[in-house]
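Here is how the chains run, residue by residue.
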Amino acid sequence: MALTPDDIGRLQHLARLELQPAESERMLTQINGFFSIVEAMRAVDTSGLEPLAHPVAAIDDVQLRLREDTVSETNQREANQRSAPAVERGLFLVPKVIE
Amino acid sequence: MADLHDLSLPDLARQLKTKDVSAVDVAKHFLARAHADTLGAYLAIDDDVTLAQAREADARIANGDAAPLLGVPVAHKDIFVTKDFPSTAGSKMLAGYRSPFDATVVDKLAQAGMVSLGKLNCDEFAMGSSNENSAFGAVKNPWDTTRIPGGSSGGSAVAVAARLAPAATGTDTGGSIRQPASFCGITGIKPTYGRASRYGMIAFASSLDQAGPMARSAEDCALLLSAMCGPDPDRDSTSLDRPAEDFSRSLTTSIEGLRIGVPKEFFGAGLAADVRAAIDAALQQYVQLGARLVEISLPRTELSIPVYYIIAPAEASSNLSRFDGVKFGHRAQQYGDLVDMYKKTRAEGFGDEVKRRIMIGTYVLSHGYYDAYYLQAQKIRRMIADDFQQAFRQCDVIAGPAAPTTAWKLGARSDDPVANYLADIFTLPGSLAGLPGLCHPCGFGEGGLPVGLQLLGNYFDEARLLNAAHRFQQATDFHLRKPEQMSPHAPHFVSSLPPEGAGLPKGGLSGGRQ
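Within an unreviewed UniProt entry, the label attached to chain B reads Glutamyl-tRNA(Gln) amidotransferase subunit A, and the organism entered is Ramlibacter algicola. The Subunit (unreviewed entry) comment attached to chain B in UniProt states, word for word, "Heterotrimer of A, B and C subunits." Its UniProt record gives chain B a comment under Sequence similarities (unreviewed entry), which states: "Belongs to the amidase family. GatA subfamily."

With an unreviewed UniProt entry as reference, chain A is termed Aspartyl/glutamyl-tRNA(Asn/Gln) amidotransferase subunit C, source organism Ramlibacter algicola. In its Subunit (unreviewed entry) section, the UniProt entry covering chain A states "Heterotrimer of A, B and C subunits." In its Sequence similarities (unreviewed entry) section, the UniProt entry covering chain A states "Belongs to the GatC family."

Written as structure tokens, this is what we have:
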């Protein structure tokens with residue numbers, strides 16, 4: 001399997017990345033180089049196996065917790081917006097999305 | 001008497017407790033060295049913040065508080081968010097970012113009384129094995145400044161090796177504590193996945209990322225790890241409900257009869273002769289200490305490379321989608337609509353390695369490919385974890401090299417990312433299985449470059465790894481040797497704080513190390 005320049009173009013859009021043409025070309029070569037070592041993995045028979053998402057689940061029944069649905073934090077709007085690229089009157093500013 | 005920067009953590013703590021030296025004096029000593037850093041290890045230093053913490057530690061000592069790490073300095077990998085220092089994850093995307101909170105690990109060490117010296121360089125978003133992928137410049141290996149220190153916790157490894165900090169935090173996703181520890185001649189341990197909270201660690205691959213300490217010895221690491229671990233149920237859903245432990249409790253226990261598994265797959269053709277010689281000698285040292293070597297097999301070792309490099313980028317592509325220029329971080333100046341802003345922001349903010357992994361991750365998670373790649377990789381991950389359980393029926397710990405070679409030249413593999421990926425072969429299996437892994441110095445290869453021995457344990461067996469490494473370090477002096485580049489007589493080191501305006505700008509690099 002080898003990716004084509006069209007695949008790279010599609011991936012750029014999905015990943016929300018704008019690559020320059022030279023960068024795109026280099027990426028294509030490098031990713032195809034990478035997928036050459038992935039082929040061995042695809043050939044492994046994994047039928048009947050459960051995927052291992054939390055490693056410790058290999059030996060134990062790991063339950064991902066949810067915390068209580070209660071307010072635990074006070075309002076920290078100012079601290080949270082301290083590193084925002086653009087803020088006005090306590091709101092994050094983004095480009096206009098509705099004409 | 002040894003210089004302050006040569007003292008072990010227990011010795012430093014003892015001197016602080018007996019008031020032979022104050023926490024402020026210790027902090028000033030290390031700040032002076034940090035300001036004189038020419039290796040690129042530090043990204044942010046703030047004397048006022050550090051000295052205020054040191055004064056607080058002195059007050060606690062004066063009040064009779066005897067916490068084992070009270071007043072001892074530590075520096076943090078810049079992947080941990082901190083209120084008092086900028087947090088960049090080595091990325092232009094986050095240059096100058098100030099977190100409104102501290103990572104749990106940072107908080108726990110502060111609660112233990114440790115004094116923060118600042119933030120340390122790392123590969124961008126912890127992606128890399130050489131620390132050349134930082135937007136703020138590569139870090140240099142103090143044993144040979146033309147070489148890489150390893151990554152992604154390269155800044156942490158260098159800070160400890162060059163005595164710019166007595167200890168540091170690191171994170172290990174696919175070997176990012178163990179490999180730089182190996183290349184820089186220090187000791188580092190990645191605990192079992194879930195033992196240390198990931199809250200406040202800027203996420204790379206969530207099912208693999210794990211925090212751990214980096215220091216000069218197993219004894220130092222045990223103290224740090226005891227303070228770092230513990231459940232964090234309300235803030236990290238993957239943290240385990242496992243109480244903190246005293247990992248120092250069995251350091252001096254005999255290792256007579258310890259069964260050390262030696263995986264045959266770790267000693268194949270790709271292993272450099274000088275590394276092999278150092279590892280073989282280290283294994284013989286363990287035998288002299290009473291351990292027994294057992295040949296074992298980890299048959300999916302080679303598969304761990306594609307499995308890891310599918311899972312990690314997949315999770316990274318998801319985690320890094322938050323960097324869109326809206327709520328924090330870099331935003332492009334020129335753009336058309338919202339999507340264009342996202343694309344330009346991310347293209348400008350991320351470096352090559354991060355972009356490459358986002359693209360791979362996006363591909364393997366995209367419609368029609370998820371089952372063939374991500375799901376398949378997670379299933380083989382279970383096989384890899386099962387292989388370890390099979391091996392641990394024959395042995396107590398597993399030993400082998402942390403990396404196939406010693407540190408390579410800066411820039412030598414810049415155009416060949418796959419060569420970098422292949423070099424992670426010995427650390428990836430343990431990462432995928434979520435096992436604890438330790439690396440300690442065990443000898444030197446060609447050119448006097450350090451070689452590290454990796455010890456892997458079964459889940460929650462950190463104390464046994466630290467015990468084995470400590471016994472080795474009591475019988476050898478590899479962990480005490482130091483690179484010439486850190487010599488206190490080296491011209492770039494000063495004995496007191498530099499004048500105002502010298503060294504790093506106050507608060508660190510906001511626009512990046514140029």
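Having seen it, we continue.
Right, let's get into the pattern of salt bridges. Residue and element names in this part refer to chain B. Here the structure, examined in full by the defined rule, presents 24 salt bridges over all chains. Put simply, arginine 60 and aspartate 65 hold a salt bridge, and the shortest N to O gap is 2.9 Å. Residue classification places arginine 60 among the partly exposed residues on the basis of a relative accessible area of 25%. Its relative accessible area of 28% is what places aspartate 65 among the partly exposed residues. Notably, a salt bridge pairs aspartate 144 with arginine 147, separated by 2.9 Å at the nearest N-O pair. For arginine 147, a relative accessible area of 19% corresponds to the buried category. Because the salt bridges share partners, they merge into one network encompassing Arg195, Glu245, Arg249 and Glu462.

Estimated volume of the largest pocket: approximately 1,100 Å³. Lining of the largest pocket is provided by 36 residues; of these, Phe101(B), Tyr199(B), Gly200(B), Arg235(B) and Arg322(B) occupy positions nearest its centre. Considered as a void within the structure, the second largest pocket measures approximately 420 Å³ in volume. Forming the boundary of the second largest pocket are 29 residues, of which Glu132(B), Asn133(B), Asp352(B), Glu353(B) and Arg356(B) lie nearest the centre. At the level of secondary structure, the elements contributing two or more residues to the lining of the second largest pocket comprise α2 (21–36) of chain A together with α10 (338–349), α11 (352–365) and α13 (417–422) of chain B.

Residue and element names in this part refer to chain B. With numbering aligned to this structure, UniProt lists the feature "active site" (unreviewed entry) at Lys77, Ser152 and Ser176. Their sequence span is 100 residues, while the largest C-alpha to C-alpha distance among them is just 11.1 Å; these annotated residues converge on one region. Checking the named residues against the largest cavity, the ones that line it are Ser176. Among the structural elements, lysine 77 can be located in strand β2 (residues 73–77). In contact with lysine 77, other than residues within four places in its own chain, are Lys119, Leu120, Cys122, Ala126, Ser152, Ser153, Ser156, Thr169, Gly170, Thr171 and Ser176. Along the polypeptide, serine 176 turns up in the loop between β4 (167–172) and α6 (178–184). Since its relative accessible area comes to 5%, serine 176 is described here as buried. At 3.0 Å, the side chain of serine 176 forms a polar contact with the backbone nitrogen of serine 152.

Cut-offs and rules
- Residues numbered from 1 in each chain as written.
- Chains lettered and ligands numbered in written order.
- Predicted model: local features only at pLDDT ≥ 70, side-chain atom pairs only at ≥ 80, totals over all residues.
- Heavy atoms only, no water.
- UniProt positions renumbered as here; feature names shortened; annotations may be inferred.
- Salt bridge = Lys/Arg side-chain N within 4 Å of Asp/Glu carboxyl O.
- Buried < 20%, exposed > 50% of the residue type's maximum accessible area, 1.4 Å probe, protein only.
- 1 Å grid on protein atoms, 1.4 Å probe; cavity = no way out; pocket = protein on both sides within 12 Å on 5 of 7 lines; lining within 4 Å.
- Points joined across faces, edges and corners; volume = space filled by probe spheres on them.
- Helix = DSSP H or I, 4+ residues; strand = E, 2+ residues; numbered from the N terminus.
- Contact = heavy atoms within 4.5 Å.
- Polar contact = N/O pair within 3.5 Å; in protein donor to acceptor, adjacent residues only side chain to side chain.

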